[in-house]
Amino acid sequence: MTSEHISIDIAKEYLHFSAAHFTVFSATERENLHGHNFQVEATLRGRIGEDGLCFDYNIVKSRLKTLCDGLDEVVLLPGRCPHLDIRQSEDYTVAEFNDERLPFLQRDVKVLPVRNVTVEELAHWLIRELTADKEIAALPVSDIELRVSSGAGQWARAAWTRP
């Protein structure tokens, strides 16, 4: 058995999503609704096996693409933000902030279990979703680092280490 360690970077052009959001700064201040073209990358570390491989890259690429596709072309709202009240009806999701009421069609919104829609929170949410997948959890990797960018030169990184 070999003991050579390796890092594998997964940085495909198709691992991206375009989404609208606003950052909440306080109980009375938030950004205007705007959008970004987010990019996602991952680095996985493990040992090279006897077959010369560490793991099946396609499993990771496929799961990351599915996660990105689920965030594409929607308004992202932070479901755990203490300053935002989100109510969902059959047709609408309404976000109430301060004295503002922001209605969205249900199909245009994804409420995430995060405190704010920032690259920091998105990186942590994505890595939790990725590592909760049974196929990903079964991979012989020791740790994963996931990066999310909201624009050139601006990245957040989240890490997971096998317990």
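Residues numbered from 1 in each chain as written. Predicted model: local features only at pLDDT ≥ 70, side-chain atom pairs only at ≥ 80, totals over all residues. Heavy atoms only, no water.

Caption draft 1: Representation of the overall build of the chain within the structure. Helix and strand counts for the chain come out as three helices and ten strands. Reading the secondary structure of the chain in the N-to-C direction produces β-β-β-α-β-β-β-β-β-α-α-β-β. Here the chain, with 163 residues, has 44% of them falling under the buried criterion. Look at the contacts in the chain between residues 6 or more apart in sequence, and 62% of them connect residues 24 or more apart. For the chain, the exposed surface amounts to about 9200 Å²; the carbon and sulfur share of it is 46%. (Helix = DSSP H or I, 4+ residues; strand = E, 2+ residues; numbered from the N terminus. Buried < 20%, exposed > 50% of the residue type's maximum accessible area, 1.4 Å probe, protein only. Contact = heavy atoms within 4.5 Å. Areas by Shrake-Rupley, 256 points an atom, 1.4 Å probe, with all protein chains shown as cover.)

Caption draft 2: Quick peek at the sheet that holds strand 6 (residues 92-97). Spatially, 5-6-7 is the arrangement adopted by the three strands of the open sheet, whose pairing is antiparallel. Lying at the two open borders of the sheet, with one neighbouring strand each, are strand 5 (84-88) and strand 7 (100-105). Across the sheet, the axes of successive neighbouring strands diverge by a mean angle of 20°, strand direction being ignored. Two elements, strand 5 and strand 6, share five bridges in a ladder whose sense is antiparallel. Paired with Ile 86 across the two strands is Ala 95, which belongs to strand 6. (Pairing = 2+ DSSP bridges. Axes fitted to C-alpha atoms, helices over the stretch in contact; angles between N-to-C directions.)

Caption draft 3: How the structure looks around the packing of helix 1 (residues 57-71) against helix 2 (residues 119-132). As a packed pair, helix 1 and helix 2 sit with axes 10 Å apart at the nearest point and diverge in direction by 130°. Considering the angle they form, helix 1 stands oblique to helix 2. Judged by the sense of rotation from one axis to the other, the crossing of helix 1 with helix 2 is right-handed. Along the contact surface, helix 1 presents Arg 63, Leu 64, Leu 67 and Leu 71, while helix 2 presents Trp 125, Leu 126, Glu 129 and Leu 130. Here the residues of the contact of helix 1 with helix 2 are counted per class, giving six nonpolar, no polar and two charged. (Parallel < 35°, antiparallel > 145°, perpendicular 65-115°, else oblique. Left-handed = near helix turned anticlockwise from the far one by under 90°. Nonpolar A, V, L, I, M, F, W, Y, C, P; charged D, E, K, R; others polar.)

Caption draft 4: Representation of the packing of aromatic side chains in the model. This structure, assessed with the given rule, holds two aromatic pairs. Ring geometry for Phe 17 against Phe 38: centres 4.8 Å apart, planes inclined by 15°, an arrangement best described as stacked. Placement of the pair is Phe 17 in strand 2 (residues 16-21) and Phe 38 in strand 3 (residues 34-47), with a sequence separation of 21 residues. Judged by its relative accessible area of 0%, Phe 17 falls in the buried class. Phe 38 sits in the buried class, given a relative accessible area of 2%. Measuring from ring centre to ring centre gives 5.3 Å for Phe 55 and Tyr 57, while their planes differ by 65°; the resulting arrangement is edge-to-face. (Phe/Tyr/Trp six-rings, centres within 6.5 Å; stacked < 30°, edge-to-face > 60°.)

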